[in-house]
Amino acid sequence: MTATVAISLGNERGAAPVRIGILGAGPAGLVTALALERYLVPGRARITLFDQNASATDYPGVEYGIQERACRALERIGKLEQALARANPCTELAFYQARLGRRFRTVRVNSHYTRTVVRQEFIADLSALLEQTVLLRRHTVTTIDPAPDRAVVVSGEQGPDQAPFAAEFDLIVAADGVRSVARSRLFPAAATPCDRGFSCIYMLVEDTPETAPPGFMARANSGRNELVMGSLSTLTMFPLGAGRLALGIGFDHATKRSLWSEQGLAEDVEWAQIPAAKKKAIAVRLADDTPLPDGSMSPALDLVSDWNSYKIYLWSMRDTDPLSRPYATSSGLVVIGDAAHAMMPTIGMGASLAIEDAEMLARAVALAIQQNPDAASFRAAAERAVFAPFAAARVPVWNDLMGRARQAAIQNFIDVGRHKRFAIGPQIPNTLLSKLVTRGEAILGALGL
Ligand SMILES: Cc1cc2nc3c(=O)[nH]c(=O)nc-3n(C[C@H](O)[C@H](O)[C@H](O)COP(=O)(O)OP(=O)(O)OC[C@H]3O[C@@H](n4cnc5c(N)ncnc54)[C@H](O)[C@@H]3O)c2cc1C
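An account of the accompanying structure is given in this report.

Conventions we followed
- Residues numbered from 1 in each chain as written.
- Predicted model: local features only at pLDDT ≥ 70, side-chain atom pairs only at ≥ 80, totals over all residues.
- Heavy atoms only, no water.
- Helix = DSSP H or I, 4+ residues; strand = E, 2+ residues; numbered from the N terminus.
- Rg over C-alpha atoms; globule rule 2.2 N^0.38 Å.
- Contact = heavy atoms within 4.5 Å.
- Areas by Shrake-Rupley, 256 points an atom, 1.4 Å probe, with all protein chains shown as cover.
- Lys, Arg positive; Asp, Glu negative; His and termini not counted.
- Charge placed at Lys NZ, Arg CZ, Asp CG, Glu CD.
- Buried < 20%, exposed > 50% of the residue type's maximum accessible area, 1.4 Å probe, protein only.
- Pairing = 2+ DSSP bridges.
- Axes fitted to C-alpha atoms, helices over the stretch in contact; angles between N-to-C directions.
- Near = heavy atom within 4 Å.
- Polar contact = N/O pair within 3.5 Å; in protein donor to acceptor, adjacent residues only side chain to side chain.
- Patch = residues over 30% accessible without salt bridge, like charges linked within 9 Å, V, L, I, M, F, W, Y side chains within 5 Å.
- Salt bridge = Lys/Arg side-chain N within 4 Å of Asp/Glu carboxyl O.
- Expected span 1.5 Å × (residues − 1).
- Bend = angle between axes of the 7 residues up to and from the residue.

Now for the overall build of the chain. In terms of regular secondary structure, the chain is built from 13 helices and 19 strands. Here the C-alpha radius of gyration of the chain, 23 Å, is about what a compact globule of 449 residues would show, namely 22 Å. Of the contacts made within the chain by residues no fewer than 6 positions apart, 74% connect residues no fewer than 24 positions apart. Accessible surface, the chain as shown: approximately 18700 Å² in total, 53% of it carbon and sulfur. Between the centroid of the 47 positive side chains of the chain and the centroid of its 45 negative side chains there is a distance of 5 Å.

Given below as structure tokens:
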């Protein structure tokens, strides 16, 4: 049997600084660490970030919409431009109905506060900004146990040839995503994601000006996100700049059954097991169902050289109810991001909400550490000073946006044949609202609030 290695956090129990462990180096975990670095008085805490992945490229996501609430959170910690150095600014969202053959609505957005990123680039860029945090990759947390005096012990595996690890913390921030260990441990009844009846093929299509089909480069380098409702499916297009375009093609499971059957595929076959030619045939069929006024996107699918690449995957839509009390009452553990509220991408809010959670939690933690600098007194104060106020502020926001994401799933992706218009709502900041928020913040700032 291999002996467990105790990770050294460099301080004795009860002595400062406060030991903070973060589970998961996705947007929520990384921004928590960056915001703690920004808000904490130097030397008051030691931050350790665990992630099971070996690198930022291990994650299967294609793109993120980084919406205004996330941009403002990144701005508050002084990292907006560095974190989004490779992002593409978005200027407008254009909505089309294929049956009508025209665009029926355009929403102009504030391009300073609305960006689109390649998931892997964004994670790599956030990771590179860490200055004081110890980032432990290839560390899979398997167990979380309460320890005496409200401390928490996490333990897990480092890889086949490495000893298991264990470490004790004064605070654990669980940002470990939709299959959160913390969520299943604390709230087992609420841990299983619920199937919402539709799937999306996500893909990254890229080319150069020399070889791209007409119109592709202009679309990929534009600031216009386009959404097209067809009779079977809904196509979403996110320009990523540098000749890259993310496509998401969503369809309900009745449509999936018939498309898979057309290709002679069993309904429950894994995407990875589907031959490349059949993957392409399904995608072309769906792209032809959602033509834009200037034509179908199916010629752009010829640009995909490898249909078995990780840049093309099928995402079966599941979500989890937001936790109503996202923390433990007997130890220092709080849950944020997808671990607290995994959301479908129907309003493009998953990463943005996770980033906002992270910044708000870190601000409250830093203030509580300032008021309770000793680790033991911080542990005693955490529920009252951090967890309860955080939950009171965030849970209503999570419930509101989860409701909108579910409504948009039905109208925009499941009942597409019945609707002429997209469900879009006030979660999309237009330029006027954006200006009003900026003005409001400037007034509060001038008043010293
Ligand atoms: C398959 C899939 C594809 C997606 N594709 C997209 C997309 O294309 N566009 C989009 O906008 N959104 C996408 N999402 C949703 C989006 O990823 C989330 O909304 C967003 O990333 C939430 O951020 P987070 O930090 O809370 O969680 P995550 O980004 O999921 O980060 C959680 C991190 O925790 C780590 N982790 C998990 N368990 C452990 C453990 N036991 N020990 C150590 N580390 C652990 C993971 O490796 C991961 O890095 C996708 C989600 C899934 C599940």
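Text resumes after the structure shown.
Burial along strand β13 (residues 171–174) is two-sided: Leu171 and Val173 and Ile172 and Ala174, pointing in opposite directions, are all buried. Pairing of strand β2 (residues 18–23) with β13 involves 4 bridges; the strand directions are parallel. Its bridge partner being in β13, isoleucine 22 is matched across the sheet by valine 173.

Turning next to the sheet that holds strand β4 (residues 63–66). Read across the open sheet, the 3 strands follow the order β4-β8-β5; overall the sheet is antiparallel. Whereas interior strands pair on both sides, the edge strands pair on one side only; in this sheet they are β4 and β5 (88–89). Helix α4 (residues 119–129) rests against β4 and β8 (115–118) of the sheet, and its axis sits at about 90° to β8.

Right, let's get into the site of the ligand. In the vicinity of the ligand, 30 residues are found, and the nearest of them are Asp51, Glu63, Tyr64, Tyr313 and Asp338. Within the contact set of the ligand, an oxygen atom lies 3.2 Å away from a backbone nitrogen or oxygen of proline 27. Here an oxygen atom of the ligand sits 2.5 Å away from a polar atom, N or O, in the side chain of tyrosine 64. Coverage of the ligand by the protein amounts to 91% of the 990 Å² it exposes when considered alone.

This paragraph deals with the environment of proline 164. Tracing the chain through its elements places proline 164 in the loop between β11 (152–157) and β12 (165–169). Overall, the relative accessible area of 18% leaves proline 164 in the buried class. Once the C-alpha coordinates of proline 164 and threonine 142 are considered, the two residues, 22 residues apart in sequence, prove to be 10.0 Å apart.

Taken together, Arg99, Arg102, Arg105, Lys420 and Arg421 make up a surface patch of like positive charges. Along the chain, arginine 99 turns up in the loop between β6 (92–97) and β7 (102–108). For arginine 99, a relative accessible area of 47% gives the class partly exposed.

Right, let's talk about helix α12 (residues 375–414) for a bit. Compared with an ideal rise of 1.5 Å per residue, which puts 40 residues at 58 Å, α12 spans 50 Å between its outermost C-alpha atoms and falls more than 12% short. A maximum bend of about 60° is found in α12 at alanine 381. Capping the start of α12, aspartate 374 holds a side-chain oxygen 3.1 Å from the backbone nitrogen of alanine 376, two or three residues further along.

It is worth spelling out the pattern of salt bridges at this point. Pairing between side chains becomes possible if they bear opposite charge and their charged atoms approach one another. On inspection of all chains with the given rule, the structure shows 30 salt bridges. For aspartate 319, the salt bridge goes to arginine 406, with nearest N and O atoms at 2.8 Å. Residue aspartate 319 is located in strand β18 (residues 312–319), and its partner arginine 406 is located in helix α12; the two are separated by 87 residues in the primary sequence. Taking the relative accessible area as the measure of exposure, aspartate 319 reaches 0% and is therefore buried. One salt bridge in this structure joins aspartate 400 and arginine 404, with 3.3 Å as the shortest N-O distance. Separated by 4 residues within a single helix, aspartate 400 and arginine 404 lie in helix α12, roughly one turn from each other. For aspartate 400, a relative accessible area of 37% translates into the label partly exposed. The partly exposed category is assigned to arginine 404, whose relative accessible area is 29%. Connected through salt bridges with shared partners, the residues Glu92, Arg103, Arg108, Arg219, Arg224, Glu226 and Asp294 form a single ionic network.

These figures capture arrangement, not role.
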